[in-house]
Amino acid sequence: MNIFNPGPGRMILASCLLFQTLDSTAAEATCVSLPVTDGAHYGYRGYIDAPGNYCLQRDLSATRLFDIHAGGWKSFGSEGLISISIPFGSKGIQPRGKGTYTIDLQGHRLAAEPDEMVGIENRSGGLGVTIRNGRIEMARGSRLNKGILLQRYERTPTVKWQQECAVGLKKCEDVPTPRDANGRAPTYANSDYLIEKVSIHAGGRGIEMGGGGNVLRDSVIEVDSRVAVFQFGPHAVIENNTFIVHGKGDKTPFDATLKLRDAQGAIVRNNTFIFEGGLFASAPAAINLLDSKDVLIEGNTFKGFEQKVRVNGDSTYTLK
């Protein structure tokens, strides 16, 4: 399925693209060209190793390659088409704050054919990443392919006591949040991630991001899997998006189009949730809350879901 063909929930792309030209024109005056390297047979990659305002000047892609030594298709180990990293040997404090790293894709397309790839990933530990105005298309059928990965792994959240299962690790995302001896939940630093006006089609998840104060808006996220977005951390704002899931792959108990954990005070408003599964596919919940209190869910549209909101752990919400 092509997410750029007209259809239910996809007309938002037209309005997104209208704004892209205006946004990109204004940004060109102040941004620098995002560094791109030619990986020969591997395709083009973008790399960022310092804070700044970057504009992408061309499409990026990765092609499937057969590894004759391994006797199979080459695996890229969750490599990003655009990677945010730190210079080798750097021991400085990682930057933080809104807009520390800004990536304007300027309407360009990031596309990957191989398995185990990510469109844009943050490996730096730095915060304040903004991504806007572009298309990300990862190989269909692979749950390992993701659109945008802005987690901080075991460093998010800042846990002030020892625990066996660090929040944010994939294997631990469905485990109720451990409390300390005084019953306190872990604290999250603000990561201030902002994703806006992007369209993502991925075999696996569209977006994973963690930390406090993150924003996802004015975007279209379509996935073959059962989870379009996983956000962990408080005070996220998820608004004016279209989420489309096809429900393929193995089921897990807390699958949901929008999966939130430790999301105290989150706002989920004016989004469209669409399930487009096959004849025998079953829809996950549209929204899953795990240990997420005082979540406001308002003005959303749900199509094809039997359950709008599923609650787990210590969660409360208001549905309007």
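Quick caveat: nothing in here was measured; it's all calculated off a predicted structure.

Undergrad: I keep staring at the overall build of the chain and nothing clicks. Help me out?
TA: Scanning the chain for helices and strands turns up one helix and 28 strands. Going through the 320 residues of the chain one by one, you find that 53% of them count as buried. Excluding contacts between residues fewer than 6 apart, the proportion of contacts in the chain whose partners are at least 24 apart in sequence is 63%. Carbon and sulfur atoms make up 52% of the accessible area of the chain, which amounts to about 14200 Å² in all.

Undergrad: Explain a nonpolar patch on the surface here, please?
TA: The grouping of Val311, Tyr317 and Leu319 at the surface amounts to a nonpolar patch, some 240 Å² of accessible area in total. Within the secondary structure, leucine 319 sits in strand 28 (residues 317-319).

Undergrad: Would you take a moment to explain the sheet that holds strand 27 (residues 309-312) for this structure?
TA: The pairing of strands in a sheet comes from backbone hydrogen bonds and takes either a parallel or an antiparallel form. Pairing is mixed in the open sheet, where ten strands are placed in the order 2-3-8-11-13-15-18-21-24-27. Edge strands, defined here as strands with exactly one partner in the open sheet, are strand 2 (36-38) and strand 27. With direction set aside, neighbouring strand axes in the sheet form an average angle of 15 degrees. The pairing of strand 3 (residues 44-48) with strand 8 (residues 79-84) spans three bridges and is parallel. Counted as the bridge partner of tyrosine 47 is serine 83 from strand 8.

Undergrad: Looking at this structure, I do not really get the environment of aspartate 224. What am I missing?
TA: With respect to the helices and strands, aspartate 224 occurs in the loop between strand 17 (220-223) and strand 18 (229-232). Residues aspartate 224 and lysine 248, 24 residues apart in the sequence, show an inter-C-alpha distance of 5.7 Å.

Undergrad: Explain unusual backbone geometry to me, please; I cannot follow it from the model alone.
TA: Negative phi characterises most residues that are not glycine, and trans characterises most peptide bonds. In this structure, aspartate 218 is a non-glycine residue whose phi angle is positive, near 55 degrees. Structurally, the position occupied by aspartate 218 is in the loop between strand 16 (215-217) and strand 17. Residue aspartate 291 is not a glycine yet carries a positive backbone phi of 50 degrees. Note on placement: aspartate 291 falls in the loop between strand 24 (285-290) and strand 25 (295-298).

Undergrad: Can you help me understand the pattern of salt bridges in this one?
TA: Working definition: two side chains of opposite charge can pair if their charged atoms are close together. Under the definition given, this model contains ten salt bridges. Notably, a salt bridge pairs glutamate 196 with arginine 132, separated by 2.7 Å at the nearest N-O pair. Within this pair, whereas glutamate 196 is found in strand 14 (residues 194-202), its partner arginine 132 is found in strand 12 (residues 129-138), the two being separated by 64 residues in sequence. In this structure glutamate 196 comes out as buried when scored by relative accessible area, which is 7%.

Undergrad: Any chance you could explain the pairing of strand 20 (residues 242-245) here in plain terms?
TA: The side chains of a regular strand alternate between both faces of the sheet. Of the two faces of strand 20, the one carrying Thr242 and Ile244 and the one carrying Phe243 and Val245 are both buried. Two strands pair when backbone bridges link them, and strand 17 and strand 20 are joined in this way by four bridges, in the parallel orientation. Across the sheet, valine 223 pairs through a bridge with valine 245, a residue of strand 20. Alignment of strand 20 against strand 23 (residues 272-275), held across four bridges, turns out to be parallel. The residue bridging phenylalanine 243 from the neighbouring strand is phenylalanine 273, located in strand 23.

Undergrad: Any chance you could explain the packing of aromatic side chains here in plain terms?
TA: Two aromatic rings are characterised by how far apart their centres lie and by the angle between their planes. Taken as a whole and assessed by the stated rule, the structure comprises five aromatic pairs. Measuring from ring centre to ring centre gives 5.6 Å for phenylalanine 230 and phenylalanine 232, while their planes differ by 40 degrees; the resulting arrangement is tilted. Note on accessibility: phenylalanine 230 and phenylalanine 232 belong to one class, buried. Each member of the aromatic cluster is reached from another via a ring pair, and the members are Tyr188, Phe230 and Phe232. Above the ring of phenylalanine 230, the side-chain terminus of lysine 259 is found at 5.8 Å from the ring centroid.

Parameters and conventions
Residues numbered from 1 in each chain as written. Predicted model: local features only at pLDDT ≥ 70, side-chain atom pairs only at ≥ 80, totals over all residues. Heavy atoms only, no water. Helix = DSSP H or I, 4+ residues; strand = E, 2+ residues; numbered from the N terminus. Buried < 20%, exposed > 50% of the residue type's maximum accessible area, 1.4 Å probe, protein only. Contact = heavy atoms within 4.5 Å. Areas by Shrake-Rupley, 256 points an atom, 1.4 Å probe, with all protein chains shown as cover. Patch = residues over 30% accessible without salt bridge, like charges linked within 9 Å, V, L, I, M, F, W, Y side chains within 5 Å. Salt bridge = Lys/Arg side-chain N within 4 Å of Asp/Glu carboxyl O. Pairing = 2+ DSSP bridges. Axes fitted to C-alpha atoms, helices over the stretch in contact; angles between N-to-C directions. Phe/Tyr/Trp six-rings, centres within 6.5 Å; stacked < 30°, edge-to-face > 60°. Lys NZ or Arg CZ within 6 Å of the ring centre and 35° of its normal.

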